[in-house]
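Single-letter residue listing:
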Amino acid sequence: MAQKATDTFSLKNNNNVEITFAAHGGRLLSVKVPSASGEVDDVLIGYDTVEEALKGDLFFGALCGRFANRVSKGQFELDGETIQLDVNNGPNHLHGGNEGFNQRLWTVKSIDKEGCTSAFRLSLVSPDGDQKYPGELSVNVTYSLNDDNEFRIEYEAETTKPTIINLTSHPYFNLEGAGTPDVLDHKLKLEAGNYTPIDPELETCGGEIALTKGTAMDFTSEKTIGEAVKSDFDQIKLVDGLDHNFVLDQEGKSLGLAARLTSPKSGRALEVYTDQPGLQVYTGNHFDGSEKGKGGAAIDKYAGVALETQIFPNSPNCDNFPNAVLRPGETYKHTCIYKFI
Ligand code: BGC
């Protein structure tokens, strides 16, 4: 049956975890999880209704593509040809362009998946030339939930012509519950001894890989998000918080732990597992309280944190970064697990 933008779907398990999403953008609308004392809260920043979500920030909770994150000047070379994508974020291309996958109507089907209490397949065919990307891209994303409180996102895509790809999901979490002011007290631990600094001229990464050790970017031992975003380290000042790609120690070789976020107040924790080489940590630096979110509360700076599994920003222009090219006959695969504890 054809979907409407406002059609919503729910994944539930036997521990009172319930995740709701919309066909539009595959956007997550709510993620309800119990606290240590059993109190259920919605830990996803966003809006109360799907109608409000469609009028609000269209990246909230959404699937992003074809190339999530930035491509410098929206330009890259592929097999000797220069391709110019939309420039929709300062000098750069961001999250797939003016009408990225976050604004598409996905076809959603309930499916059976072994070991899961609920699962859905979201599909999309992006035509050749869509947002100026070459090749027709067929995308399948599976959302599933199990009784270990693992919300799993599995991406697969195939193309008819050589192209670039980097899909991700864009939920902002606040483990104290949406509507509470910020995540500055949340503690974060990252399995990342390196990150890719932002080149101030490019306003994205330019190929540099730097050690986190001895800087505000070092999350190899657990520390609060507040400690990092309030530091005067130049990379933090540049974007007024965290908006950086971390190079995961396991380099995308297998599915492994990437991050652990904990909220001492609620006792909730979130672990992120992925097979991708990078994790963008974004602390909602551009939120300014002008938007009203769940429960009518203003969405203020640092209201939530996005942990986006991906390859590195601007990879198509950096030879030393992971490969972003997908060719006919190959299958793009990516797994991200958000596990609630
Ligand atoms: C990026 C931010 C951007 C935001 C838009 C994040 O993934 O890292 O720079 O402002 O998306 O929602």
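These numbers come from a predicted model, not from an experiment. (Residues numbered from 1 in each chain as written. Predicted model: local features only at pLDDT ≥ 70, side-chain atom pairs only at ≥ 80, totals over all residues. Heavy atoms only, no water.)

1. Quick look at the site of the ligand
At step 1: All residues in the neighbourhood of the ligand are listed as Phe59, Arg70, His95, His170, Tyr172, Asp243, Gln280, Tyr282 and Glu308.
At step 2: A distance of 2.9 Å separates an oxygen atom of the ligand from a polar atom in the side chain of His95.
At step 3: For the ligand, whose unbound accessible area comes to 310 Å², protein coverage reaches 93%.
At step 4: Per-class residue counts for the shell around the ligand are 3 nonpolar, 3 polar and 3 charged. (Near = heavy atom within 4 Å. Polar contact = N/O pair within 3.5 Å; in protein donor to acceptor, adjacent residues only side chain to side chain. Areas by Shrake-Rupley, 256 points an atom, 1.4 Å probe, with all protein chains shown as cover. Nonpolar A, V, L, I, M, F, W, Y, C, P; charged D, E, K, R; others polar.)

2. Details of the sheet that holds strand β21 (residues 210–211)
Note: strands within a sheet are paired through backbone hydrogen bonds, in either parallel or antiparallel orientation.
At step 1: An order of β16-β27-β26-β23-β18-β21 is seen for the 6 strands of this open sheet, with the pairing classed as antiparallel. For this open sheet the edge positions go to β16 (172–173) and β21, each flanked by a neighbour on one side alone.
At step 2: Note: strand β26 (residues 278–282) against strand β27 (residues 305–310), 5 bridges, orientation antiparallel. Paired with Gln280 across the two strands is Glu308, which belongs to β27. (Pairing = 2+ DSSP bridges. Helix = DSSP H or I, 4+ residues; strand = E, 2+ residues; numbered from the N terminus.)

3. Things to note about unusual backbone geometry
At step 1: Here the residue pair Gly65 and Arg66 is connected by a cis peptide bond, since its omega of 5 degrees sits within 30 degrees of zero.
At step 2: Considering the arrangement of structural elements, one finds Arg66 in the loop between β5 (63–64) and β6 (70–71).
At step 3: The phi dihedral of Lys132 falls on the positive side, at around 75 degrees, and the residue is not glycine.
At step 4: Within the element layout of this structure, Lys132 appears in the loop between β11 (118–126) and β12 (137–145).
At step 5: Note on Lys132: relative accessible area 46%, which makes it partly exposed. (Buried < 20%, exposed > 50% of the residue type's maximum accessible area, 1.4 Å probe, protein only.)

4. Some details on the packing of aromatic side chains
At step 1: Inspection of every chain in the model, using the stated rule, returns 16 aromatic pairs.
At step 2: Ring geometry for Phe9 and Phe21: centres 5.2 Å apart, planes at 25 degrees, overall stacked. Taken together, the residues Phe9 in strand β1 (residues 8–12) and Phe21 in strand β2 (residues 18–22) connect sequence positions 12 residues apart. In terms of burial, Phe9 and Phe21 fall into one category: buried.
At step 3: When the centroid spacing of 5.1 Å and the interplanar angle of 80 degrees are considered together, the rings of Phe312 and Phe321 count as edge-to-face. Neither residue differs from the other here; Phe312 and Phe321 are each classed as buried.
At step 4: Through successive ring pairs, a cluster of aromatic residues spans Phe9, Phe21, Phe120, Tyr143 and Phe151. (Phe/Tyr/Trp six-rings, centres within 6.5 Å; stacked < 30°, edge-to-face > 60°.)

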